[in-house]
Amino acid sequence: MKPLTEQEIRAAFVNCSKGEAERLVVPRDLADRPWADLDYLGWRDPRSPHRAYLVAELDGRPRALALRCPSPTPAQPRRGMCSMCLTAPSGGVSLMVAPRAGKAGQQGNTVGTYVCSDLACSLYVRGKKDAGAGARLQESLTLEEKIQRTVANVAAFVANVTA
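Small disclaimer: the values here were computed from a predicted structure and weren't measured. (Residues numbered from 1 in each chain as written. Predicted model: local features only at pLDDT ≥ 70, side-chain atom pairs only at ≥ 80, totals over all residues. Heavy atoms only, no water.)

Engineer: How would you summarise the overall build of the protein chain if you had to cite specific residues and measurements?
Structural biologist: A count of helices and strands for the protein chain gives 5 helices and 5 strands. Taken against the 2.2 N^0.38 rule, which gives 15 Å for 163 residues, the C-alpha radius of gyration of the protein chain at 15 Å falls within 12% of a compact globule. With the principal axes as the frame, the protein chain shows a C-alpha extent of 45 × 35 × 30 Å. Across the 163 residues that make up the protein chain, the buried fraction comes to 45%. (Helix = DSSP H or I, 4+ residues; strand = E, 2+ residues; numbered from the N terminus. Rg over C-alpha atoms; globule rule 2.2 N^0.38 Å. Buried < 20%, exposed > 50% of the residue type's maximum accessible area, 1.4 Å probe, protein only.)

In structure tokens, the structure reads:
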């Protein structure tokens, strides 16, 4: 993924108003992110933990989604499989729900999927972050094929939101 600026991220949101996009919290450490290892940029809002954001580069341009999710709990995280990267991280997965873009979203229609709670799919797939024991299934796919699958899953989720 190519590095993005705060302005590019704010302009890329497809399922919230321009005012909401201007008010949301964008990470301050954009320059320090491992952009070459990211299939998408994802983060949780530190002021509102039930909000998360995902920015993916599709067809050469960034597309961003505002997501709702349960607040992380320090107790037992939900250990399930992420629909994006097919990892079952020890930090758990969360049901991330995105309002649909346009009129459908204004009418309350949403799309949801299970995603790594810390939104670190790209790093888990590449082995740059430890997902814990038994988190990855044994596969015969190459790393490049796993990355392509993750990118395709993210693109499909964004397409469902914008459909």
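Moving on from the model shown.
Engineer: Just give me the short version of the pattern of salt bridges, but keep the residues and values in it.
Structural biologist: For the structure shown, the criterion picks out 9 salt bridges. A salt bridge links Asp118 to Lys129; the nearest nitrogen and oxygen atoms lie 2.8 Å apart. Of this pair, Asp118 sits in the loop between β5 (110–116) and α4 (121–125) while Lys129 sits in the loop between α4 and α5 (143–162); the two residues are 11 residues apart in sequence, bridging distant segments of the chain. Here Glu139 and Arg136 are joined by a salt bridge, their closest N and O atoms 3.7 Å apart. According to the relative accessible area criterion, Arg136 is partly exposed, its value standing at 25%. Several salt bridges share partner residues, and in doing so they unite Glu6, Arg10 and Arg28 into one network. (Salt bridge = Lys/Arg side-chain N within 4 Å of Asp/Glu carboxyl O.)

Engineer: Tell me about α5, and please be specific about residues and values.
Structural biologist: Here α5 contains 20 residues, and its C-alpha end-to-end distance of 29 Å stays within 8% of the 28 Å for a straight helix at 1.5 Å per residue. Those residues of α5 lying buried are Lys146, Ile147, Arg149, Thr150, Val154, Phe157, Val158 and Val161. Residues of α5 that are buried sit in contact with β1 (40–45), β2 (48–58), β3 (61–68), β4 (93–99), β5 and α4. (Expected span 1.5 Å × (residues − 1). Contact = heavy atoms within 4.5 Å.)

Engineer: I'd like a rundown of the environment of Tyr40, residues and numbers included.
Structural biologist: As for its position among the elements, Tyr40 is in strand β1. Sequence spacing of Tyr40 and Arg136 is 96 residues, and the spatial spacing of their C-alpha atoms is 20 Å.

Engineer: I'd love a proper account of the layout of surface pockets, names of residues and values included.
Structural biologist: Any empty space left between atoms is shown by rolling a water-sized probe over those atoms. Of the pockets and cavities examined, the largest pocket occupies roughly 370 Å³. Along the walls of the largest pocket sit 20 residues, with Asn15, Cys16, Glu20, Arg51 and Ala66 positioned nearest its centre. Classifying every residue of the lining of the largest pocket gives 7 nonpolar, 6 polar and 7 charged. (1 Å grid on protein atoms, 1.4 Å probe; cavity = no way out; pocket = protein on both sides within 12 Å on 5 of 7 lines; lining within 4 Å. Points joined across faces, edges and corners; volume = space filled by probe spheres on them. Nonpolar A, V, L, I, M, F, W, Y, C, P; charged D, E, K, R; others polar.)

Engineer: Describe unusual backbone geometry, listing the residues and the values that go with them.
Structural biologist: It is generally the case that most residues other than glycine have a negative phi and that most peptide bonds are trans. Phi at Asp59 takes a positive value of approximately 55°, unusual for a residue other than glycine. Asp59 gets classed as exposed once you look at its relative accessible area, which sits at 82%. A positive phi angle is found at Leu86, which is not glycine, with a value near 60°.

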